[in-house]
Amino acid sequence: MKNINSKYACLRVTFTKSLNKLQLDYLDLYLIHQPFGDYYGAWRAMEELYHEGKIKAIGVSNFLPDRLMDLIVHNEIVPAVNQIETHPFYHQTESATFMKEQGVQHQSWAPFAEGLNNMFGNEVLISIAAKHRKSVAQVVLCWLVQRGIVVIPKSVKKERIVENFNIFDFELSTEDIEQITALDTRKSLFLSYHDPEVAKMMGNWKIDL
Ligand SMILES: NC(=O)c1ccc[n+]([C@@H]2O[C@H](COP(=O)([O-])OP(=O)(O)OC[C@H]3O[C@@H](n4cnc5c(N)ncnc54)[C@H](OP(=O)(O)O)[C@@H]3O)[C@@H](O)[C@H]2O)c1
């Protein structure tokens, strides 16, 4: 069955549900998860909520430059943030440059590549970490922050959450950065946003915006 739901109508309902669950009067930031389906309808509803003061900033996720430009030119508000897969094996250099030009804040999801590709066992990252007496996780977060990228590492362990905050007392050198630059595969570890099968799969997600 085709998913032809209007996101304009359902966004307010899901937004109000989230606000109630969080027991808040407004949200600081609200994102569209994927550039599929009626995201224009969702964006227009989000613009209204922004004007009503119910959301302080609105943004998107997984929008590559072509989709992001399309959204920007056809709407009033430029997304404050675009959250995209960004880690040592996928640097998103072109997206980063484009977002800077457009005034959209780059935010990284999967900063540790969710542990894929043996990221925590990578020899280059281990040697840089040893030099700075830091962990691989801290080197990766420091590298992202030095690039001006907002980062949202996920951990369920208290000691790792503390470790992941403790990155503001060292800096990576040009040589460190060059070594990390060489790790870029220029490809997603998860999915391609240019693949029609991905668009089809996302079309079957019923609850996503
Ligand atoms: N917008 C999107 O489409 C999208 C897609 C995916 C994810 N996200 C978001 O991105 C954020 C990042 O989460 P993520 O799960 O994707 O990936 P991630 O942060 O790259 O990786 C999380 C993994 O790293 C481990 N980890 C965390 N800190 C560590 C440390 N200091 N040392 C060793 N291992 C460590 C975690 O294990 P423990 O938990 O056991 O510590 C977990 O297995 C989340 O908020 C998620 O919701 C967004």
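The structure we're discussing is the one just above.
From a predicted model like this one, the values you see are computed outputs, not experimental measurements.

A word on the site of the ligand
Taken together, 21 residues form the shell around the ligand, and within it Phe112, Glu114, Ser155, Lys157 and Arg160 come nearest. Within the contact set of the ligand, a nitrogen atom lies 2.8 Å away from a side-chain nitrogen or oxygen of Gln83. Across the complex, the protein chains shield 77% of the 900 Å² of accessible surface that the ligand would expose by itself. Broken down by element, the shell around the ligand gets its largest block of residues, three residues, from helix H7 (residues 158–165).

Focus: the packing of aromatic side chains
We describe a pair of aromatic rings using the distance from one ring centre to the other and the angle between the two ring planes. Tallying each qualifying case throughout the model produces six aromatic pairs. Ring geometry for Phe15 against Tyr30: centres 5.2 Å apart, planes inclined by 80 degrees, an arrangement best described as edge-to-face. Residue Phe15 is found in helix H1 (residues 7–22), and its partner Tyr30 is found in strand E1 (residues 27–32); the two are separated by 15 residues along the sequence. Judged by its relative accessible area of 1%, Phe15 falls in the buried class.

Thoughts on helix H5 (residues 123–132)
Taken together, the buried positions of H5 are occupied by Leu125, Ile128 and Ala129. Angularly, the buried residues of H5 cover 100 degrees about the axis, an arc narrow enough to put them on a single face. Facing away from the buried surface of H5 by more than 90 degrees, the exposed residues are Glu123 and Ala130. Here the buried face of H5 lies against helix H6 (136–146) and helix H8 (174–181).

Concerning the sheet that holds strand E5 (residues 150–151)
Each strand in a sheet pairs with its neighbour through backbone hydrogen bonds, running either in the same direction (parallel) or in the opposite one (antiparallel). Pairing within the open sheet is parallel, and its five strands lie in the order E1-E2-E3-E4-E5. A strand with exactly one partner marks an edge of an open sheet, and here the two such strands are E1 and E5. With five bridges joining them, strand E3 (residues 81–85) and strand E4 (residues 105–109) adopt parallel strand pairing. Counted as the bridge partner of Ile84 is Ser108 from E4.

Regarding the layout of surface pockets
In this model, the largest pocket occupies a volume close to 360 Å³. Among the elements that line the lining of the largest pocket, the one with the most residues is H7, at three residues. Along the lines of polarity and charge, the residues of the lining of the largest pocket split into nine nonpolar, three polar and five charged.

Concerning the side chain of His106
Examined against the element boundaries, His106 turns out to sit in strand E4. Separated by 2.9 Å, the side chains of His106 and Thr86 make a polar contact. Once residues within four sequence positions are removed from consideration, His106 is found in contact with Asn82, Ile84, Thr86, His91, Gln92, Ala96, Met99, Gly148, Ile149 and Val150.

Rules and cut-offs
- Residues numbered from 1 in each chain as written.
- Predicted model: local features only at pLDDT ≥ 70, side-chain atom pairs only at ≥ 80, totals over all residues.
- Heavy atoms only, no water.
- Near = heavy atom within 4 Å.
- Polar contact = N/O pair within 3.5 Å; in protein donor to acceptor, adjacent residues only side chain to side chain.
- Areas by Shrake-Rupley, 256 points an atom, 1.4 Å probe, with all protein chains shown as cover.
- Helix = DSSP H or I, 4+ residues; strand = E, 2+ residues; numbered from the N terminus.
- Phe/Tyr/Trp six-rings, centres within 6.5 Å; stacked < 30°, edge-to-face > 60°.
- Buried < 20%, exposed > 50% of the residue type's maximum accessible area, 1.4 Å probe, protein only.
- Arc of directions from axis to C-beta.
- Contact = heavy atoms within 4.5 Å.
- Pairing = 2+ DSSP bridges.
- 1 Å grid on protein atoms, 1.4 Å probe; cavity = no way out; pocket = protein on both sides within 12 Å on 5 of 7 lines; lining within 4 Å.
- Points joined across faces, edges and corners; volume = space filled by probe spheres on them.
- Nonpolar A, V, L, I, M, F, W, Y, C, P; charged D, E, K, R; others polar.

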